[in-house]
Every structure is written in C-alpha cells, then in structure tokens.
Amino acid sequence: MLAENVIKGYKVTEEEAISIVQAPDEEVLEILNAAYLIRKHHYGKKVKLNMIINTKSGLCPEDCGYCSQSIVSEAPIDKYAWLTKEKIVEGAQESIRRKAGTYCIVASGRRPTNREIDHVIEAVKEIRETTDLKICCCLGFLNEEHAGKLAEAGVHRYNHNLNTSQENYSKITSTHTYEDRVDTVEAVKEAGMSPCSGAIFGMGESEAEAVEIALSLRSLDADSIPCNFLNAIDGTPLEGTSELTPTKCLKLISMMRFVNPSKEIRLAGGREVNLRSMQPMALYAANSIFVGDYLTTAGQEPTADWGIIEDLGFEIEECAL
C-alpha cells in the first residue's frame, strides 16, 4: 500500500502523484483514508490553527491576477497604509482568543522598506515578550539583510508562496518571476527562519502542473504548506474562473500529503467557497487551517472551525512552538 510505504520513508513519484489527482471521484474516500494514515502517523489528532492580520491593504504595484490588492484589480476593498504597532500587538491577543497558535503578520507590496522592517520588528519583540505565539510574517520579497533582521527579532516563520507552477507563472503575473519567489524562500531558510510556502489551485494549471508545485515544495523543504483554492474575486483578472470541485480539492490536498508527508499541510484561502460542505473531510489529509477572515475576503466564524475539529474527534494544538 502506497501510504504505508510513504510512512516508511518512500518518496512518491511524479506519476504516482498525478494518479492521485486524476483518480475517479468515486475513489476519493479511499484516497482520503490513505492520506489520513500518513497524517495520523505524523500529527495524530492535532490540528494547528493560524490567524492572519492584514497590516497593509491594497496599494500593491504587482499585477497578480488572483489578488484583489494588486495594481490591476478593480475589486472594492479597503486600502490603508500600515497599522500601528499597538494594533499589530492587539491582533496577537485576538489570535489567542481564536485558539490560533500561529499569528501571521501580512502586508501587501513588492518588498518591505527598512522602515517597514523596523516597524514589524518592534511589534514582534513585544509579542514575543508577552505571548507564546509562533510568529509568521509575509511581507513580500526579502533580501538577506531583512531576512536576518526578522530572524534575529524572533520571527519563527516566513511565508512566501510559489502560488503556481513555473510554466503557468507568466499567465498569472508579469511583474515578477517564479525564480524571484524561490530566491526569497531560500533567503528565509538561510536566515534560519522556518519556510512557509504553498499554492493557489484553480488558476489554469494542469493536473501535472499541480503535482509539479507539490514536488517543488518538497525540493524546497517547506515546513508549512498553505493550500489555497482560488476564490475568484470580482474585479480581478481571474474573475469568473471556476475550475475546482469539492472532490478535486480533496484529491489535491491528499496528493500534497502524499508528496510532503511530514509537513504542515494547511487549508487556506478559498476553502469555504470551494470545499463547501466537504470542508471537514479535508482535515483527514490536512492538519492545519486558517481561522477567521483572510486578507480581503471573509472566512467562517472560528466557532464553526472549532466545531468541525471537535466533531471529527480531533484536538486543537493551541501552542505551536
């Protein structure tokens, strides 16, 4: 059985991963059961919760087709410059109230300035002194200097998603490259922070390209892998795109677990829209979720997620350190 071999250390091949994604829908329960064996081996009944705070919204010069904050987006979103240090620190307390052990400080834009890095560091230092939260930042492209400063300040993890396959990348954005994103993930690792990098499925990639993303993340040795499912926001270039079904999402999440068996696989943006009533089933493969709202779109109430976890017989891992 493939799952048993994976638990013993076997690395799934590209062909095997593609066969999971291309399997008939009627086999999805068997696939999920196999993925659960791997998930259970590494994480038992634990589920990690993560919370995002959008510290700077909109005003981004990049042209990412999926993003409501990009320069080409016409989506009616709130646009604001940086939140104060006090607001960022308050967000950490909200993360605790939501039982989220990881607090994600996110800002729009291509890359942070020196001043913005210093602003984040001030907030991070206070959060580290007053809580036991794992702190993740997502601030755009990083150079070695900025990565080193964040690591020294106590940032545990840095998120920079690959988003899509190398071949599909130019269809999604023209203002940066796939290699630019890989370079930032490598800078994060070099600085000693835990690399968080994932995908947005449903953006025109083929099934083989979806597998390519998973294999690339395995090569990068990403510790945490957010699996987003395109929420095609009105006013963005990808408005109206609808390529995913709940069963396809379940197969994609399962494939990610097979390819990256020991990693934190997270249900992220668009899960409510794409998985719909089948959200609980995805946690048999994934072991982590975002709770509450995303950057510019609403998530479901944390109590709903707590209920899903309890109904599955799982447990929230409130301390992520």
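Per an unreviewed UniProt entry, the protein chain goes by the name Biotin synthase and belongs to Peribacillus castrilensis. Per UniProt, the protein chain carries the Pathway (unreviewed entry) text "Cofactor biosynthesis; biotin biosynthesis; biotin from 7,8-diaminononanoate: step 2/2." The Catalytic activity (unreviewed entry) field of the UniProt record for the protein chain holds the comment "(4R,5S)-dethiobiotin + (sulfur carrier)-SH + 2 reduced [2Fe-2S]-[ferredoxin] + 2 S-adenosyl-L-methionine = (sulfur carrier)-H + biotin + 2 5'-deoxyadenosine + 2 L-methionine + 2 oxidized [2Fe-2S]-[ferredoxin]".

As for the UniProt feature "binding site: [4Fe-4S] cluster" (unreviewed entry) in the protein chain
Those residues carrying the UniProt feature "binding site: [4Fe-4S] cluster" (unreviewed entry) are C60, C64 and C67 in this numbering. Dropping the residues within four chain positions of it, C64 is found in contact with S70, I172, T173 and H176. In contact with C67, other than residues within four places in its own chain, are S73 and T236.

Examining the nonpolar core
With 86 residues, the main nonpolar core has L150, F201 and L283 as its most contacted residues. If you tally residues by element for this core, the top one is helix α9 (residues 246-259), at eight residues. Once residues within four sequence positions are removed from consideration, L283 is found in contact with R39, V47, L267, S288, I289, I308, I309, L312 and F314. The next biggest cluster of nonpolar side chains, apart from the first, holds nine residues, and it includes C64, Y66, A232 and L238.

Topic: unusual backbone geometry
The backbone of K99 shows a phi angle near 65 degrees, a positive value even though the residue is not glycine. With respect to the helices and strands, K99 occurs in the loop between α4 (85-97) and β2 (102-107). Among the residues examined, K99 registers a relative accessible area of 29% and is labelled partly exposed.

Looking at α4
Here α4 is 13 residues long and its end C-alpha atoms lie 19 Å apart, about the 18 Å a rise of 1.5 Å per residue gives. Buried within α4 are the following residues: I88, V89, G91, A92 and S95. The arc that holds every buried residue of α4, seen down its axis, measures 145 degrees, which confines them to one face. Where α4 is buried, its residues contact β1 (46-56), β2 and α5 (114-130). Within two residues after α4, K99 carries a phi angle of roughly 65 degrees, on the positive side.

Some thoughts on the packing of aromatic side chains
Tallying each qualifying case throughout the model produces six aromatic pairs. A ring pair is formed by F201 and F229, whose centres lie 6.3 Å apart and whose planes are at 35 degrees; its orientation type is tilted. Pair noted here: F201 is in strand β6 (residues 199-201) and F229 is in strand β7 (residues 224-229), with a separation of 28 residues, a long-range link. Both residues of the pair, F201 and F229, count as buried. Aromatic side chains Y284 and F314 sit 5.9 Å apart centroid to centroid with 80 degrees between the ring planes, which places their arrangement in the edge-to-face category.

Basis of the calculations
Starting from 1, residues in each chain are numbered consecutively following that chain's sequence as written. Confidence filtering applies because this is a predicted model: local features only for residues at pLDDT of at least 70, side-chain atom pairs given and counted only at 80 or more, and all residues used for totals across whole chains, interfaces and linings. Water and hydrogen atoms were dropped before computing side-chain values, which therefore reflect all heavy atoms in the structure. UniProt positions are given in the numbering used here, feature names are shortened, and annotations may be inferred rather than shown by experiment. Any pair of residues with heavy atoms lying within 4.5 Å of one another is described as a contacting pair. Here, nonpolar core refers to any group of buried Ala, Val, Leu, Ile, Met, Phe, Trp, Tyr and Cys residues whose side-chain atoms link them within 4.5 Å. Only protein chains enter the area calculation, which uses a 1.4 Å probe; residues under 20% of their type maximum are buried, those over 50% are exposed, and those in between are partly exposed. Each helix is a run of DSSP H or I of at least 4 residues and each strand a run of E of at least 2, with the numbering of both proceeding from the N terminus. Expected span of a helix: the number of residues minus one, times 1.5 Å. What the arc measures is the spread of directions leading from the helix axis to the C-beta atoms. Each Phe, Tyr or Trp ring (for Trp, its six-membered ring) is paired with any other whose centre lies within 6.5 Å, and the angle between the two planes then decides the class: stacked below 30 degrees, edge-to-face above 60, tilted in between.

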